[in-house]
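# Fold and contact review
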Amino acid sequence: VQQANSGHPGTPMAMAPVAYALWARVLKYDPQDPNWMDRDRFVLSMGHASMLLYGLIHLAGVRDIGPDGEPCRGGGGDARDDGLAVPLQAIREFRQHGSSCP
């Protein structure tokens, strides 16, 4: 947020404990199968807290969906980011031109 010079870091930082509790203890989801029909959905309508959502998706290891509609399983590149819906590099490029985290 600071590097992007856009948004407010206060909301993502202040809401992190609440969001962690929801993601770790309440929500039912499978990060390996983001298409699972019975998964809970987390909707965040506060734009200033979008970095919180990007961080949660990254840390939970939620997989990206490929062009075939199936979760990406990896197979190259940085093993830590391989196949993730929000790789660390996308977070580093938060609100930068061409970023997947606009």
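Let me begin by describing the structure that accompanies this report. (Residues numbered from 1 in each chain as written. Predicted model: local features only at pLDDT ≥ 70, side-chain atom pairs only at ≥ 80, totals over all residues. Heavy atoms only, no water.)

This part is about the overall build of the protein chain. In terms of helices and strands, the protein chain carries three helices and zero strands. Reading the helices (α) and strands (β) of the protein chain from amino to carboxyl end gives α-α-α. The long-range share in the protein chain, meaning contacts at least 24 apart out of those at least 6 apart in sequence, stands at 51%. As presented, the protein chain carries roughly 6,600 Å² of accessible surface, and 56% of it is formed by carbon and sulfur atoms. (Helix = DSSP H or I, 4+ residues; strand = E, 2+ residues; numbered from the N terminus. Contact = heavy atoms within 4.5 Å. Areas by Shrake-Rupley, 256 points an atom, 1.4 Å probe, with all protein chains shown as cover.)

Given a rise of 1.5 Å per residue, 17 residues ought to cover 24 Å, and the 24 Å separating the end C-alpha atoms of helix α1 (residues 10–26) matches this to within 8%. Buried within α1 we find Pro 12, Ala 19 and Trp 23. Structurally, α1 contributes buried residues whose contacts are with α2 (50–60). (Expected span 1.5 Å × (residues − 1). Buried < 20%, exposed > 50% of the residue type's maximum accessible area, 1.4 Å probe, protein only.)

The next subject is the packing of α1 against α2. Two elements in contact, α1 and α2, have axes separated by 10 Å at closest approach and are oriented at 40°. One element, α1, and the other, α2, form an angle in the oblique class. Two packed elements cross with a definite hand, and for α1 against α2 that hand is right-handed. Between α1 and α2, the residues in contact are Pro 12, Met 15, Ala 16, Ala 19, Tyr 20 and Trp 23 and Met 51, Leu 52, Leu 53, Leu 56, Ile 57 and Ala 60, respectively. Residue composition of the contact of α1 with α2, by class: twelve nonpolar, no polar and no charged. (Axes fitted to C-alpha atoms, helices over the stretch in contact; angles between N-to-C directions. Parallel < 35°, antiparallel > 145°, perpendicular 65-115°, else oblique. Left-handed = near helix turned anticlockwise from the far one by under 90°. Nonpolar A, V, L, I, M, F, W, Y, C, P; charged D, E, K, R; others polar.)

This part is about the packing of aromatic side chains. The description of an aromatic ring pair rests on the distance of the ring centres and on the angle between the ring planes. Applying the stated criterion across every chain, the model contains three aromatic pairs. Between Trp 23 and Tyr 29, the aromatic rings sit 5.1 Å apart at their centres with planes inclined by 65°, giving edge-to-face as the arrangement. The exposure class assigned to Tyr 29 is partly exposed, which follows from its relative accessible area of 27%. When the ring of Trp 23 is compared with that of Phe 42, the centres are 5.9 Å apart and the planes differ by 65°; the resulting orientation is edge-to-face. Note that Trp 23 is positioned in helix α1 and Phe 42 in the loop between α1 and α2, a separation of 19 residues in sequence. Ring pairing ties together the aromatic residues Trp 23, Tyr 29 and Phe 42, which thus form one cluster. (Phe/Tyr/Trp six-rings, centres within 6.5 Å; stacked < 30°, edge-to-face > 60°.)

Topologically, Thr 11 is positioned in helix α1. For Thr 11, a relative accessible area of 25% puts it in the partly exposed group. It is 9.2 Å that separates the C-alpha atoms of Thr 11 and Met 51, two residues lying 40 residues apart in sequence.

What follows is about a nonpolar patch on the surface. Where nonpolar side chains cluster on the molecular surface, the patch consists of Met 15, Val 18, Leu 22 and Val 26 and spans about 300 Å² of accessible area. Mapped onto the fold, Met 15 is located in helix α1. (Patch = residues over 30% accessible without salt bridge, like charges linked within 9 Å, V, L, I, M, F, W, Y side chains within 5 Å. Salt bridge = Lys/Arg side-chain N within 4 Å of Asp/Glu carboxyl O.)

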